[in-house]
Amino acid sequence: AKKKDPVTKIEVLDMAWNAEIGVEAFDLKLVEHFAKEYSEKFPGQDLTQSAKAMAKLKAACKKTKEILSANTEAPISVESLHDDNDFRSRITRKEFEELIQEEVATMVQPLKTLLDGSSEEIYVTSLTAVEMLGGGTRIPAVQDKLMEILGGRHLDRHLDADEAPVMGAALFAANASTSFTLKKMQLYQKFPYALDVDIEVADSGVTSSMPLLPKFSSYPMATPIALPNVESDFTLKVKYSDDTELLPGTSSSEFVEYLVTGFDDIDRDTYNKSGDAMLWVALDIYGALSIGEGIVPTVTEEQYNETIKERQQVDNATVEDDGKNGTANATATVERIVTKMRKRDKYYRLVSEWVNKEAYVGTESKLNTGSQRLAELTKADLERKLVEQVKNDLESFVLTTMSLVEYDDDVQEVSTEKEREEFKAALMEGEDWLYSEGEQADRTALNSKLERLQGMLKPINARLAEFLRRPDVVSDSLKAIKEDRILVSKLQ
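Conventions and cut-offs
- Residues numbered from 1 in each chain as written.
- Predicted model: local features only at pLDDT ≥ 70, side-chain atom pairs only at ≥ 80, totals over all residues.
- Heavy atoms only, no water.
- Helix = DSSP H or I, 4+ residues; strand = E, 2+ residues; numbered from the N terminus.
- Buried < 20%, exposed > 50% of the residue type's maximum accessible area, 1.4 Å probe, protein only.
- Polar contact = N/O pair within 3.5 Å; in protein donor to acceptor, adjacent residues only side chain to side chain.
- Contact = heavy atoms within 4.5 Å.
- Salt bridge = Lys/Arg side-chain N within 4 Å of Asp/Glu carboxyl O.
- Axes fitted to C-alpha atoms, helices over the stretch in contact; angles between N-to-C directions.
- Parallel < 35°, antiparallel > 145°, perpendicular 65-115°, else oblique.
- Left-handed = near helix turned anticlockwise from the far one by under 90°.

Take the side chain of Ser89 next. Structurally, Ser89 is set in strand S3 (residues 85–92). Its relative accessible area of 12% is what places Ser89 among the buried residues. Looking at Ser89, its side chain comes within polar contact range of the side chain of Glu37, at 2.4 Å. Not counting the four nearest positions on each side in its chain, Ser89 is found in contact with Phe34, Glu37, Lys41, Ala74, Pro75 and Ile76.

Here the focus is the pattern of salt bridges. Inspection of the entire model under this criterion finds 24 salt bridges. Across the salt bridge formed by Arg88 and Glu79, the nearest N and O atoms sit 2.2 Å from each other. Here Glu231 ties to Lys273 by a salt bridge, and the two come within 3.6 Å at their closest N and O atoms. Here Glu231, found in the loop between strand S8 (221–227) and strand S9 (234–240), pairs with Lys273, found in strand S11 (residues 272–273); they are 42 residues apart in sequence, far enough to count as distant. Since its relative accessible area comes to 41%, Glu231 is described here as partly exposed. Beyond isolated ion pairs, a larger network of salt bridges with shared partners links Glu302, Arg342 and Arg344.

Where helix H4 (residues 101–117) contacts helix H5 (residues 140–149), the axes come no closer than 10 Å and their chain directions differ by 25 degrees. Relative to H5, H4 is oriented roughly parallel. Considering how the two elements wind past one another, H4 and H5 form a crossing that is right-handed. Contact with H4, carried on its side by Val104, Met107, Val108, Leu111, Lys112 and Leu115, involves Ala141, Val142, Lys145, Leu146 and Ile149 of H5 and no other residues of that element.

Fair warning: the whole summary comes from geometry, so function is off the table for now.
Spelled out as structure tokens, the structure:
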């Protein structure tokens, strides 16, 4: 029986994308809608001129969008949005879907492109599963449009839309690492861009262009490329074939440059080129491009001597015939040296050197700067987490303490109404501050606000603790008095 291949193989057949659209576009549509509504409620006030107000509104719109994914209507409420004006409104899912019609159509277009114009034959009926990743896939309008393109086929829910990309990245890294033990898998991906090369010959300065890799080349891979009409050392510049399809964040089509040398080592007096020079091009499992070594095939013709044996006729040779001597014609083997020509192949090695490495790897100074920047980002990330923790602590304290002050009977016993009202006012002021200025506050300011409120609660807590312990203390005291009386009566 044929053994089952123990290695899992995954191959990307085709891909399509749109780097210009994302789920944030839906948030911005809501922001635009409610900013306009705010201006109608408060004439003369333009929220778009206040970065702080727009940031608060955007955060609120994101929550409203998430609520609309599970409900047909959602509220929005922002305290002191601008100039101490509170903003409250509502929006239905239908209104929201009307706002984002164009964005939804743009977002699902890549799927339509794959099904209609793929280089591979992809049919809806052949699909085993259609998985969706990303927060935007929870929006019903997006789901409906996707199912429409798929001819009504249902969408699968086998993966967690938020966790799957992270888990997949971790699995990919573990699979490529030698430090982890897990079932190996072979992942064949598609390089999403077509690449060309410009070849500039050092001696003549002549530049020629040729294709390097076609669009959607599978990788990891390594392949030789032929370099016709190249006779001397040259510079090879790799670039994107289409200036309109660049990697996001890239401004130039050229991105890597190599110097290829080795032609000067060829013994041209003896050897002639017998074919095109060849270079190895590779894409590793991460999609990183590298230009490796190459060869130049040459050939020469050389003379050599070869000894051959021939049968030659010998005249007037003496022979014996029935005991009688006589003469007759005969043949003999003789050796002769012949000069011949033969071809001998030789392959000269080409060496490629990455010229603009500093643009990517950087000088020692740039590396040190990058390392310092990374340390700063790590520190900032830690600080952000600490700030979030203090915000959560402050929010929890305000909500818990507000309920305690309003409804706890024991607190009512140990505090005056005036004291409670002042404390509630401070708590409400702290809550309003947290959702306005507190959004941009640093950890020191947040801690200061929390400590101030905790300080106001401290005397109430002390009296409350004393009040709660009082029954036990009184009981223990009465018990001790009773025992002392018994003891005194016995002594009498």
